[in-house]
Amino acid sequence: MRELFCSLTTLSFLVFPLLAGQPPASPYGVCAHLSRGGEAETQVEELNLMKQAGIAWARTDFDWSEVQPSPDTWAFDKLDTVVSNAEKAGVQMLPILGYSVSFASPAHQHLDPWAKYVRALAEHFGPRLPVLEVWNEENIPGFWKDPKAED
């Protein structure tokens, strides 16, 4: 199963640019946590190294809780920085939209607030992010509590 996931992820880095009407700059992409933790502090350097290595895409988490910390609060500043830094480096972002927030948990049981988050993110970034990945490994308990196919 993991082999299939890795193959599909690799294929997506080649296909998504074509769907967006652009030829791929490179067949290579990486998953990096540019929007959180220690990597957020070194993102400019990492993005420049990616570009030097011929990496065209960076997949990273766009955590719902960072974008919408409360039902009426939106905070795009961290993600604006990540996307701008990626653009400057010539690396296309592939954001992973995911994870629950305290006011709508679990997300799959709160689809109206989830849809509001996805819509707000898509509208905010528009064509700067031509593709979005919905969730991450929902079949693993660490990413989705008690995973079930019907959820």
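To be clear, the structure that these remarks concern was listed above.
Basis of the calculations
Residues numbered from 1 in each chain as written. Predicted model: local features only at pLDDT ≥ 70, side-chain atom pairs only at ≥ 80, totals over all residues. Heavy atoms only, no water. Helix = DSSP H or I, 4+ residues; strand = E, 2+ residues; numbered from the N terminus. Buried < 20%, exposed > 50% of the residue type's maximum accessible area, 1.4 Å probe, protein only. Contact = heavy atoms within 4.5 Å. Phe/Tyr/Trp six-rings, centres within 6.5 Å; stacked < 30°, edge-to-face > 60°.

(A) Region of the structure containing the environment of Lys116. Within the secondary structure, Lys116 is located in helix α6 (residues 111–125). Here Lys116 falls in the partly exposed class, since its relative accessible area comes to 42%. With sequence-adjacent residues up to four places away left out, Lys116 is seen in contact with Pro71 and Trp74.

(B) Main features of the packing of aromatic side chains. Using the criterion set out here, one finds nine aromatic pairs in the structure. Aromatic side chains Trp64 and Tyr117 sit 5.3 Å apart centroid to centroid with 15° between the ring planes, which places their arrangement in the stacked category. Of this pair, Trp64 sits in helix α4 (residues 64–67) while Tyr117 sits in helix α6, and the two are 53 residues apart along the sequence. Given a relative accessible area of 0%, Tyr117 falls into the buried group. Taken together, a centroid distance of 6.2 Å and an interplanar angle of 80° make the contact between Phe76 and Phe125 edge-to-face. With a gap of 49 residues between them, Phe76 in the loop between α4 and α5 (77–89) and Phe125 in helix α6 connect regions that are remote in the sequence.

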